[in-house]
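Residues per chain are reported as follows:
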Amino acid sequence: YWFSDKIVLSMYKARELSPADAPLIHKMVDELAANAGIPKPRVYVVQEEAPNAFATGRDPKHAVVAVTTGLLSIMNREELAGVLSHELTHVKNRDILVGSIAAVMAGAIMLLANLAKFAAIFGGGQDREGGGNPIAALLMAFLAPLAAMLIQAAISRSREYLADDGGADIAGTAQGLASALSKLANVQRPPQSASPNTAHMYIINPLSTRSMSNLFATHPPIEERIARLRCERI
C-alpha cells in the first residue's frame, strides 16, 4: 500500500515524463484531473509495444498514471483522453486502497484455510467426542481459497465498470473510451512481461490470453464494457 507506486514503476522500468517531454499529455492530464476534482498525478511512460495503461499510488495526492509507448502510438486525442479519464477515476475512487483491502481479506481467508487443512490432516477436525468431520474440514480448507479468489476477481471487475462510467463523466463523453477499448480489443498485442500480481491494475488484462475462466478474470469482457458505454450514453 505505502510503496505500491515505487514497486510497480520499478517492475516495469517506467520513466517519468516531464511537462517539457510531453506538453500535450500533461495539459490533458491537468484538465482531466481538474474535471475529476483531484490533484494532478505524476505521468510515466513504459517502454512497451503492447498498448495499455494503469494508475497506482496510495491516494490521490500520491498518484501516478502510466501509459505504454504502444498505447501512445495508436490512440488519437479523444481516445487517449478516455483512457486517462478511466485511470483518473481509479485514483479518485481510491481503488488501490480497495484492492489492498481485498487482497488482505483474501490472504486472511487463505491463511485460515491452511490452518484448517493442517488441523484436519492431523486430527484437529474432530471435537472432544470424536464427532467432527475431518473430510468436511479438509474440503472447506480447499474451497475457501477458491472463494477468496472469486471475491477478489468480482471486486476488481466491479471497479472496472465504475472506472469506465467515471471516465466517461470526466472526459465529458463515452465515445473516446469506447473507441479506445475497441482498438485495444482488436490490436494484436505482442507478448510482454506483465506480472499476474499487477495484471488487475491495467485498463485491460495484459494476460487475458492466458486466462482460464471468466470467473477468475480481473476485468469484465471488453465487448461488454464497450457495449455498456455506448448504450448508456445514447
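Structure report, in brief. (Residues numbered from 1 in each chain as written. Predicted model: local features only at pLDDT ≥ 70, side-chain atom pairs only at ≥ 80, totals over all residues. Heavy atoms only, no water.)

Focus on unusual backbone geometry
Note the cut-off: A helix here means a DSSP run of H or I that spans at least four residues, while a strand means a run of E at least two residues long, and both kinds are numbered starting from the N terminus.
The phi angle at Lys 13 is positive, at roughly 50 degrees, despite the residue not being glycine. Relative to the helices and strands, Lys 13 is located in the loop between α1 (4-11) and β1 (15-16). Residue Arg 94 is not a glycine yet carries a positive backbone phi of 55 degrees. Structurally, Arg 94 can be placed in the loop between α4 (77-92) and α5 (95-121).

Notes on the side chain of Thr 56
The test is simple: Whether two residues touch is decided by their heavy atoms; if any such pair falls within 4.5 Å, the residues are in contact.
Within the secondary structure, Thr 56 is located in strand β3 (residues 53-56). Dropping the residues within four chain positions of it, Thr 56 is found in contact with Ser 4, Asp 5, Val 8, His 62, Ala 63, Val 64, Ile 96 and Met 201.

Some remarks on the sheet that holds β3
Cut-off, in case you're wondering: Any two strands with at least two DSSP-identified bridges between them are counted as paired. Under this scheme, a helix contributes an axis fitted over its contacting stretch, all axes are lines through C-alpha atoms, and angles between N-to-C directions fall in the 0 to 180 degree range.
With respect to topology, four strands assemble into an open sheet ordered β1-β2-β4-β3, the strand pairing being mixed. Bordering the open sheet on either side are β1 and β3, each of which pairs with just one other strand. Pairing of strand β2 (residues 42-46) with strand β4 (residues 64-68) involves five bridges; the strand directions are parallel. Looking across to β4, one finds that Val 43 is bridged to Val 65. Strands β2, β3 and β4 of the sheet are contacted by α1, whose axis makes an angle of about 150 degrees with β3.

Section: the packing of aromatic side chains
Counted only if it meets this: Working definition: rings of Phe, Tyr and Trp (its six-membered ring) pair if their centres are within 6.5 Å, and the pair is stacked with planes under 30 degrees apart, edge-to-face with planes over 60 apart, and tilted otherwise. With a 1.4 Å probe rolled over the protein chains alone, any residue whose accessible area is under 20% of its type maximum counts as buried; one over 50% counts as exposed, and the rest are partly exposed.
Enumeration according to the criterion identifies three aromatic pairs in this entry. Considering the side-chain rings of Tyr 12 and Phe 54, the 6.2 Å spacing of their centres and the 50 degrees angle between planes classify their relative orientation as tilted. Here the residue Tyr 12 occupies a position in the loop between α1 and β1, and Phe 54 occupies one in strand β3, the gap between them amounting to 42 residues. Under the relative-accessibility criterion, Tyr 12 is labelled buried at 10%. Residue classification places Phe 54 among the buried residues on the basis of a relative accessible area of 2%.

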